[in-house]
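Residue-level structure breakdown
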Amino acid sequence: MKTLAPVAIAFISGIILVVSFFFNESTTFVGGLSEEILVWVTIVGGFTLLLGVVSITRVNLAAVRARKENWVYRLITLISIFAMAIPSVFPSSWSPLFGRQTGSIYDWLFVTMDMPMMATMFATLSFYIASAAYRAFRARNAEATLLLVTAVLVMLWRVPIGEAFLNLFPGHIPQLINEYVMNGVNLAVQRGIIIGAALGAAAMSLRIILGIERTYMGRG
Amino acid sequence: MNIWERMEKIDRRWIYLLVAIAVIIPFIIPVRFPVSVTPETKDIYDYIQAMPDSSVVILSFDYYPSTLAETQPMAIAAMNQFFRKDMKVITLSNIPLGGPSLAELVTREVAKEYHKVYGIDYVNLGYKANYVAVLKGMGTSIESIFPTDNSGTPLKDLPLMHKVKNYSDVKFIFDIADNATADYWVSIVNAGYGVPMAVGATAVMAPKLYAYVGAKQIVGLLGGMKGAAEYEILLNKRASAFRGMDVQSLVHFLIIALVILGNVGYFAGRRYRRKAGL
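Here, residues in each chain are numbered from 1, in the same order as that chain's written sequence. Chain labels run from A onward and ligand labels from 1 onward, assigned in the order the entries are written. Local features in this predicted model are restricted to residues whose pLDDT is 70 or higher, and side-chain atom pairs enter the listing and the counts only when it is 80 or higher, whereas totals over whole chains, interfaces and linings include all residues. To get the side-chain values, take all heavy atoms of the structure and skip hydrogens and water.

1. Let's talk about the pattern of salt bridges
The condition that has to hold: Whenever Lys or Arg places a side-chain nitrogen within 4 Å of a carboxyl oxygen from Asp or Glu, that contact is recorded as a salt bridge. Starting at the N terminus, helices and strands are each numbered in turn, a helix being any DSSP run of H or I of at least four residues and a strand any DSSP run of E of at least two. To sort residues, take the accessible area from a 1.4 Å probe on protein chains only and compare it with the maximum for the residue type: under 20% means buried, over 50% means exposed, and anything in between is partly exposed.
Here the structure, examined in full by the defined rule, presents twelve salt bridges over all chains. For Arg108 of chain B, the salt bridge goes to Glu104 of chain B, with nearest N and O atoms at 2.6 Å. You can see Arg108 of chain B and its partner Glu104 of chain B sitting in helix α5 (residues 99-114), four residues apart, about one turn around the helix. One salt bridge in this structure joins Glu230 of chain B and Lys226 of chain B, with 2.7 Å as the shortest N-O distance. With Glu230 of chain B and Lys226 of chain B both in helix α11 (residues 224-234), this residue pair falls four residues apart, about one helical turn. For the pair Glu230 of chain B and Lys226 of chain B, a shared accessibility class is recorded, and that class is buried. Connected through salt bridges with shared partners, the residues Glu163 of chain A together with Lys226 and Glu230 of chain B form a single ionic network.

Here's what the structure looks like:
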């Protein structure tokens, strides 16, 4: 039953959604059924988020109680989660500090702490990228040289001063990069990757619908 | 260690210091290099300009706060163009971390400038989990997926939503994304329901999205901060992306200089070692 029920749900839901693609969504029974399933999916999705909160709380709370290594950071994680979550779930009609609107606790924490911290973390990547580019970009062979030259040209093209520099040379180099590198070679390669990934996703979906692929249940 | 080896093996801390200087200097001494506009950006601007005034559009905030520097200017610029044309804007987010709050922040700020009223001129639907189901479900009924807006007001209490039931009432979709949601907007909404759309994406994501531009699945593409700066120029409202181009210019040049330096050190060092019989 533990295996049969998820496989049956996946099969029925999958088939309905595939079949509904060929029917009018608002006027047919199959269309209505698929609409209902999609609403269920968003509800289940909401519960998975809740499951995530429960899981992270259980794991970290146990570590804090046992005073495991770095337990202070785990405590900060827990405090952060609930400091943002609790005031945001209460309705703003109770107090302007509740809810998620401008002026609420959630909003204040998000704007003054979450946003700058995340932006800072991402910004530090520029330091690592500069260091990594310096170390890794070596024209060791023909392929690496091609990659290096293309990367340098695109980097120049994507900034105004670089574009001005490229325009010092004859032949409208910036336009050529846009036309032949980005809308030419790059486009062709990306299209191949997208088509390949889409075929892979279709094959995987079919395997799940037919019950061949069962790893999503936590077993093979 | 000879000079070539030194060039090849600069301590990473010096590189970090140089990057920091390259980032800080343009803020102290702004240069404001001229920015040219690529066809991908111009196409978006022209398409929106050609749309009838008061059209209903969707602006999706599918980016995390980490990529604010690149994506937020795009969202602000798009809101400016929409409100200048008196368009009705529906915002939503397919990412849980911050998307709805960012939408709230941007829309309220720009709306104030144009004296737009919440519920009549714009609505923030917020976030719902599982974006594939959300994007598909909105094709039949937006209200079934988002019974309330971001602050819990039922959609039936928002006048704008009285005339918007599903994608057939939406004339254009602008997705600002730093992740794969842009692909789903294209493959589910554009392909399935035929709604014209454009994408604003981070510079890392942009190359992939050229495939959709080439296939005319999106009318145009804003790629990274440069794309946002181009859009600001077209709107004649130079803001943070345009200012950021000075920083990006200098850092790009620094990286190119470091790559050249590393390669000169590599080849000269190899020749030196060969000559010395090492």
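2. Some details on the pairing of strand β5 (residues 197-201) of chain B
All names here are of chain B. Going by this rule: Pairing between strands requires that DSSP locate at least two bridges from one strand to the other. Seen with the strands pointing away from the viewer, any crossover whose path from the first strand over the helix to the second strand runs clockwise is right-handed.
Taken across its five residues, β5 has five buried, putting it largely inside the fold. Residues of β5 alternate between two faces, with Met197, Val199 and Ala201 on one and Ala198 and Gly200 on the opposite face, all of them buried. Bridge analysis of strand β4 (residues 172-177) against β5 gives five bridges, and the strand direction is parallel. Within the sheet, the bridge partner assigned to Ile176 lies in β5 and is Gly200. Read as a crossover between parallel neighbours, the route from β4 over helix α9 (residues 181-193) to β5 is right-handed. Two strands pair when backbone bridges link them, and β5 and strand β6 (residues 221-223) are joined in this way by three bridges, in the parallel orientation. From the neighbouring strand, Val199 faces β6, where its bridge partner is Leu221. Read as a crossover between parallel neighbours, the route from β5 over helix α10 (residues 206-214) to β6 is right-handed.

3. Side note on helix α3 (residues 71-89) of chain A
Residue and element names in this part refer to chain A. Stated precisely, the cut-off is as follows: How far a helix is expected to stretch is found by multiplying one less than its residue total by 1.5 Å. The contact definition used throughout considers only heavy atoms, calling two residues in contact when any of these lie within 4.5 Å.
An ideal rise of 1.5 Å per residue puts 27 Å on 19 residues; α3 measures up with 27 Å between its terminal C-alpha atoms. The set of residues buried in α3 consists of Leu78, Pro87 and Ser88. In the core, the buried residues of α3 are packed alongside α2 (29-65) and α4 (105-123).

4. Some remarks on the interface of chain B and chain A
Often, the extent of an interface is quoted as the loss of accessible area on bringing the components together. Applicable threshold: Polar contact is the term for a pair of N or O atoms within 3.5 Å; when the atoms are in protein, one must be able to donate a hydrogen and the other to accept it, and sequence-neighboring residues count only if both atoms are side-chain atoms. In this classification, the charged set is Asp, Glu, Lys and Arg, the nonpolar set is Ala, Val, Leu, Ile, Met, Phe, Trp, Tyr, Cys and Pro, and all remaining amino acids, among them Gly, are polar.
Counting from both sides, the interface comprises 68 residues of chain B and, opposite them, 52 residues of chain A. Counting across the interface, chain B meets chain A through one salt bridge. Between Lys226 of chain B and Glu163 of chain A there is a salt bridge, with the nearest N and O atoms lying 3.7 Å from each other. If you look at where chain B meets chain A, you find 14 residue pairs in polar contact (both at pLDDT 80 or more). It is helix α12 (residues 240-275) of chain B that provides the largest number of residues to the side of chain B that touches chain A, a total of 13 residues. The residue inventory of the side of chain B that touches chain A, partitioned by class, reads 35 nonpolar, 21 polar and twelve charged.

5. Points about the domain arrangement of chain B
For clarity, the cut-off: Reported domain spans reflect what an automatic or database domain assignment gives.
The domain boundaries assigned to chain B delineate domain 1 (3-30 + 245-275) and domain 2 (39-238). In this structure, domain 1 of chain B and domain 2 of chain B have C-alpha centres spaced 39 Å apart.

6. Here's the deal with the packing of aromatic side chains
The test is simple: Only Phe, Tyr and Trp rings take part, Trp by its six-membered ring, and two of them pair if their centres are within 6.5 Å. Stacked means planes under 30 degrees apart, edge-to-face means over 60, and tilted covers everything else. Counted as over-ring charges are cases with an Arg CZ or a Lys NZ within 6 Å of the ring centre that also lie within 35 degrees of the ring normal.
Under the definition given, this model contains 19 aromatic pairs over all chains. When the centroid spacing of 5.4 Å and the interplanar angle of 25° are considered together, the rings of Phe90 of chain A and Trp94 of chain A count as stacked. For the pair Phe61 of chain B and Tyr63 of chain B, a centre-to-centre distance of 5.9 Å together with 40° between the ring planes defines the contact as tilted. A connected cluster of aromatic rings, assembled from ring pairs, spans Tyr47, Phe82, Phe172, Phe174 and Tyr231 of chain B. The residue whose ring lies beneath Arg67 of chain A is Trp71 of chain A, and the NZ or CZ to ring-centre distance is 4.4 Å. Over the face of the ring belonging to Tyr118 of chain B we find Arg108 of chain B, whose NZ or CZ atom lies 4.9 Å from the ring centre.

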